Amino acid sequence: MTARINSVLEDQRLVSLDTLFALSEGLEEMAQGKGKSDALIPLAAELREFDLPRPIFTNSEKISWAPPNYTAHHAELQVRTDLTKVIKEKGSHAQLETARGQLMPFLRDTLVGLNYAYYEPPGAQMLHHNPLFVRSHDFLGVSIQSPDRLWSAPILLGAGSPAGGGAYLVGSLVDLSYALATTEQDFISPENIQALIWKDLVPELLVGATLPRWWSVTPIELHAATLYQKSGEELLTASAGNDQIREKVIAILSDRLTSQRLERVQQSLFRSEDVAAMLPQMTPAETAYLAAEYESRFPEENSSWGAAGQQLQELQRRYPAEVSWEHLSRDFGVPHPTMARTNACQLLNVKPFPFFGSYSSRLFGESWESSNLYWARLADEMGYSPVALNSLVPELSRRAVSKIFATEPDDWPAILRAIQETGDEFRQSKTAGVLGVNITSTMSERTGADANTH
């Protein structure tokens with residue numbers, strides 16, 4: 001992950017913070033008559049490593065075809081910055097202070113670039129092939145001269161207009177992860193010809209894979225995410241032979257499923273073979289929600305639980321804080337900036353929103369909450385440590401996006417089919433690019449003998 005962040009900074013030709021602060025401190029010492037200039041010459045040379053791409057248009061062509069308000073003044077100023085002369089000649093106090101001020105544009109770009117690198121979507125191309133992408137970020141919206149865009153959520157401008165300097169973002173850094181995902185989504189090629197992929201769903205899937213971080217997730221929490229899903233599946237299976245359990249399951253799922261899907265599920269719960277055929281069509285968020293709600297509403301019904309449910313109850317008894325549904329919601333949830341007005345990760349457990357396009361399409365994407373739960377179960381069953389999710393989830397999510405093959409706008413199961421197919425490939429070691437993560441024991445560190453049940 002460090003290498004990926006560094007690769008963004010290098011491909012954007014950004015100067016390191018170490019270099020900038022060393023230059024600033026060195027120039028300040030020179031202004032006070034201290035320090036040696038020889039050590040600053042190599043550092044000042046690093047500022048000259050960036051150069052503007054060779055223009056493909058003449059000045060007259062650029063005036064005719066470029067956006068009227070676009071300006072490359074920021075980047076052009078950096079290209080003309082040369083501190084070696086004032087350092088070699090040991091300029092006056094005013095000249096050295098002016099030289100320090102010329103470091104500010106470089107510092108601005110490096111700090112912005114660190115944000116870009118941190119929220120880089122999986123498989124990003126723009127950040128590695130357009131060295132002006134970070135430098136061109138327009139905070140004030142001078143490119144469009146619209147007061148409504150000042151310091152608002154960033155939008156992409158300049159796509160398909162090379163005369164204007166290429167694509168860049170206009171706005172603040174708020175919701176940057178979504179803006180970058182929107183920029184990069186078209187670089188993910190679908191595997192199936194004429195595959196229907198919701199354009200506004202893909203950024204939500206990519207953000208849900210990159211915004212959460214799993215550094216503090218414990219093996220207990222990872223295994224609990226698996227047990228919640230399995231417990232929900234066991235309740236559905238038990239419904240086939242028990243009218244009371246079936247009624248309670250349907251009552252819970254009525255809050256989570258659309259009426260059409262609820263009717264199909266209800267019809268399948270009378271025969272064991274129908275339940276077995278229906279289980280792969282249930283999303284991880286639905287089965288996990290079923291287990292959590294069933295336990296909350298009917299805490300005394302221990303006889304309804306299968307093997308996974310009993311293991312989950314044992315973990316809840318031993319680790320109540322880690323295994324609580326609220327805790328796992330923060331661990332494996334996704335951001336809902338439109339629904340909840342926050343980028344905090346959580347599971348809202350809402351019914352899927354229909355696709356209408358435009359603004360409502362973000363509601364459509366944010367109501368899909370199953371991906372991280374599925375990847376958590378996959379990692380747990382294959383023996384990966386929780387921190388491995390930081391590498392696995394972005395790559396597997398990108399792979400799943402390329403496999404989406406919907407037949408109509410309301411074909412929600414297409415997303416589930418895509419992640420299941422990706423998971424099957426990963427189990428069979430067919431997915432390239434994510435197999436370098438070390439496998440470690442996920443349960444033995446905390447549960448001791450309970451590792452046998454895992």
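What you see is a predicted model, and the numbers here were worked out from it, not measured in a lab.

Q: In this structure, what is going on with the pattern of salt bridges? I would like to understand it.
A: Oppositely charged side chains can pair when the atoms bearing their charge come close. Counted under the stated rule, the structure contains 26 salt bridges. Glu-204 is the partner of Arg-362 in a salt bridge, and the nearest nitrogen-oxygen pair spans 2.9 Å. Placement of Arg-362 in helix 20 (residues 360–366) and of Glu-204 in helix 11 (residues 201–210) is noted, with a sequence separation of 158 residues between them. As far as the burial class goes, Arg-362 and Glu-204 line up, both buried. Notably, a salt bridge pairs Glu-273 with Arg-271, separated by 2.5 Å at the nearest N-O pair. Relative accessible area serves as the criterion here: at 45%, Glu-273 is assigned to the partly exposed category.

Q: Teacher, can you tell me more about the packing of aromatic side chains here?
A: Under the criterion given, the structure shown has eleven aromatic pairs. Consider the rings of Tyr-374 and Trp-375, whose centres lie 5.3 Å apart with planes at 75°: the pair is edge-to-face. For Tyr-374, a relative accessible area of 10% puts it in the buried group. Among the aromatic residues, those joined into a cluster by ring pairs are Trp-198, Phe-364, Trp-368 and Trp-412. One residue, Arg-213, lies across the ring of Tyr-118, its end atom 4.0 Å from the ring centre. In this structure, Arg-362 is placed above the aromatic ring of Tyr-178, and the distance from its NZ or CZ to the ring centre is 3.6 Å.

Conventions used here
- Residues numbered from 1 in each chain as written.
- Predicted model: local features only at pLDDT ≥ 70, side-chain atom pairs only at ≥ 80, totals over all residues.
- Heavy atoms only, no water.
- Salt bridge = Lys/Arg side-chain N within 4 Å of Asp/Glu carboxyl O.
- Helix = DSSP H or I, 4+ residues; strand = E, 2+ residues; numbered from the N terminus.
- Buried < 20%, exposed > 50% of the residue type's maximum accessible area, 1.4 Å probe, protein only.
- Phe/Tyr/Trp six-rings, centres within 6.5 Å; stacked < 30°, edge-to-face > 60°.
- Lys NZ or Arg CZ within 6 Å of the ring centre and 35° of its normal.

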